[in-house]
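Given next are the chains, with one letter for each unit.
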Amino acid sequence: MKTLRIIHLVVTFIVFFPLIVAFEIIWLFVCLRAARIANMPKKEGLKVWANYIKYGVEMNKDFVLNGL
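Summary of the structure given here. Please read these numbers as outputs of a predicted model, since none were measured by experiment.

## Some remarks on the packing of aromatic side chains
For any two aromatic rings, the description comes down to two numbers: the centre-to-centre distance and the angle of the planes. One pass over the structure, following the stated rule, counts three aromatic pairs. Here the aromatic rings of F13 and F17 are separated by 5.1 Å at their centres, their planes lie at 20°, and the arrangement is stacked. Placement of both F13 and F17 in helix α1 (residues 2–37) is noted, with a separation of four residues, approximately one turn of the helix. Judged by its relative accessible area of 45%, F17 falls in the partly exposed class. Between F23 and W27, the ring centres sit 6.5 Å apart and the planes meet at 10°, which makes this aromatic pair stacked. Remark: W27 and F23 occur in helix α1; sequence separation between them is four residues, near one turn of the helix.

## Section: α1
Along its 36 residues, α1 runs 51 Å from first to last C-alpha, staying within 8% of the 52 Å computed at 1.5 Å per residue. F16 marks the point of greatest bend in α1, at about 30°, and the proline P18 comes within the next four residues. Along α1, the residues that are buried comprise L28, C31 and A35. Taken together, the buried residues of α1 touch α2 (42–66).

## Focus on the layout of surface pockets
Taken as a whole, the largest pocket holds about 290 Å³ of empty space. Taken together, I20, F23, E24, W27, Y52, I53, G56, V57 and N60 form the lining of the largest pocket. Among the elements of the structure, α1 and α2 are those that each provide at least two residues to the lining of the largest pocket. Counting residues per element, the lining of the largest pocket draws most heavily on α2, at five residues. Among the residues making up the lining of the largest pocket, the classes are represented as six nonpolar, two polar and one charged.

The rules behind these values
- Residues numbered from 1 in each chain as written.
- Predicted model: local features only at pLDDT ≥ 70, side-chain atom pairs only at ≥ 80, totals over all residues.
- Heavy atoms only, no water.
- Phe/Tyr/Trp six-rings, centres within 6.5 Å; stacked < 30°, edge-to-face > 60°.
- Helix = DSSP H or I, 4+ residues; strand = E, 2+ residues; numbered from the N terminus.
- Buried < 20%, exposed > 50% of the residue type's maximum accessible area, 1.4 Å probe, protein only.
- Expected span 1.5 Å × (residues − 1).
- Bend = angle between axes of the 7 residues up to and from the residue.
- Contact = heavy atoms within 4.5 Å.
- 1 Å grid on protein atoms, 1.4 Å probe; cavity = no way out; pocket = protein on both sides within 12 Å on 5 of 7 lines; lining within 4 Å.
- Points joined across faces, edges and corners; volume = space filled by probe spheres on them.
- Nonpolar A, V, L, I, M, F, W, Y, C, P; charged D, E, K, R; others polar.

Take a look at the structure:
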């Protein structure tokens with residue numbers, strides 16, 4: 001049973017990690033475009049994107065620590 005769980009974790013990491021990275025790259029371009037439309041510098045778009053990443057990691061950390 002433990003081997004099956006390890007295989008499941010490895011397979012889901014291999015499948016979902018590239019999808020997560022692709023989504024984050026797309027979201028970066030969305031943030032940069034929104035900053036350009038709002039006549040703000042690209043640096044501001046990067047800050048917004050970094051904040052999304054930071055808060056997402058914090059939410060995941062909270063979920064892992066506290067569970068459902």
